[in-house]
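Here are the chains, one letter per residue:
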Amino acid sequence: MNVKEFVEKLNLKVLTEGDMEREITDCYIGDLLSWVMGRAPEDCAWLTVMGNINSIAVATLADVSCIVLTENAPLDEDAKKKAEMHDVTILSTEENGYKVAVKLSQLI
C-alpha cells in the first residue's frame, strides 16, 4: 500500500506532501528519537507525537515512508519547512498510535 492509499483509507490529514506513491511495508511507534533512528525499519509509517525539527532528521536517516503525528500532536513551523525541503510526508490524526497501527496492520 502506498502513502496516498493510507491517507484515503484512514482519513488522515496531510500536513506536508512528499512522495505520496511511496510504499509502506511496516509500522513503527516511538517518541524517543535516538531509539527510533536506530530501530525504525525502512519504508515504515512512523507513528509519533514528536512534531519538531529533529523528527524530520530522524525520518530522513531512517528512510521512513511517512511520519504520522498521532493524537493531534502539533507540527512545529520549522519542522514543516524542513520536511518540505526534504520531501518528507507528514500526516496527522486524532487517533492514538495503537489504533492507527492496528488499522495499518490490516491493510499491509
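A. Structural context of the packing of helix α1 (residues 3-10) against helix α5 (residues 97-107). Running from amino to carboxyl end, α1 crosses α5 at an angle of 120°, the nearest separation of the two axes being 11 Å. Judged by the inter-axis angle, α1 sits oblique to α5. Note that α1 runs across α5; the crossing there is right-handed. In contact with F6, K9 and L10 of α1, α5 contributes V100, K103, L104 and L107. A breakdown of the residues in the contact of α1 with α5 according to their chemical character gives five nonpolar, no polar and two charged.

B. Highlighting the side chain of T93. Tracing the backbone shows T93 in the loop between β5 (90-92) and α5. Contact partners of T93, with chain neighbours within four places excluded, come to L12, V68, L69, T70, E71, N72 and V100.

C. Spatial organisation of the packing of aromatic side chains. All chains considered together, the criterion is met by zero aromatic pairs. The ring of W35 carries R39 above its face, with NZ or CZ at 3.4 Å from the centroid.

D. Highlighting the nonpolar core. Ranked by internal contacts, the top residues of the largest apolar core, which has 18 residues, are A40, W46, I56, V64, I67, V88 and I90. Per-element accounting of this core gives the leading share, four residues, to helix α3 (residues 53-62). Apart from residues lying up to four places away in sequence, A40 is in contact with Y28, A62 and V64. F6, L10, C66 and V100 belong to the second-largest nonpolar core, a separate cluster that totals 16 residues.

About the criteria used
- Residues numbered from 1 in each chain as written.
- Predicted model: local features only at pLDDT ≥ 70, side-chain atom pairs only at ≥ 80, totals over all residues.
- Heavy atoms only, no water.
- Axes fitted to C-alpha atoms, helices over the stretch in contact; angles between N-to-C directions.
- Helix = DSSP H or I, 4+ residues; strand = E, 2+ residues; numbered from the N terminus.
- Parallel < 35°, antiparallel > 145°, perpendicular 65-115°, else oblique.
- Left-handed = near helix turned anticlockwise from the far one by under 90°.
- Contact = heavy atoms within 4.5 Å.
- Nonpolar A, V, L, I, M, F, W, Y, C, P; charged D, E, K, R; others polar.
- Phe/Tyr/Trp six-rings, centres within 6.5 Å; stacked < 30°, edge-to-face > 60°.
- Lys NZ or Arg CZ within 6 Å of the ring centre and 35° of its normal.
- Core = buried A, V, L, I, M, F, W, Y, C linked by side-chain atoms within 4.5 Å.
- Buried < 20%, exposed > 50% of the residue type's maximum accessible area, 1.4 Å probe, protein only.

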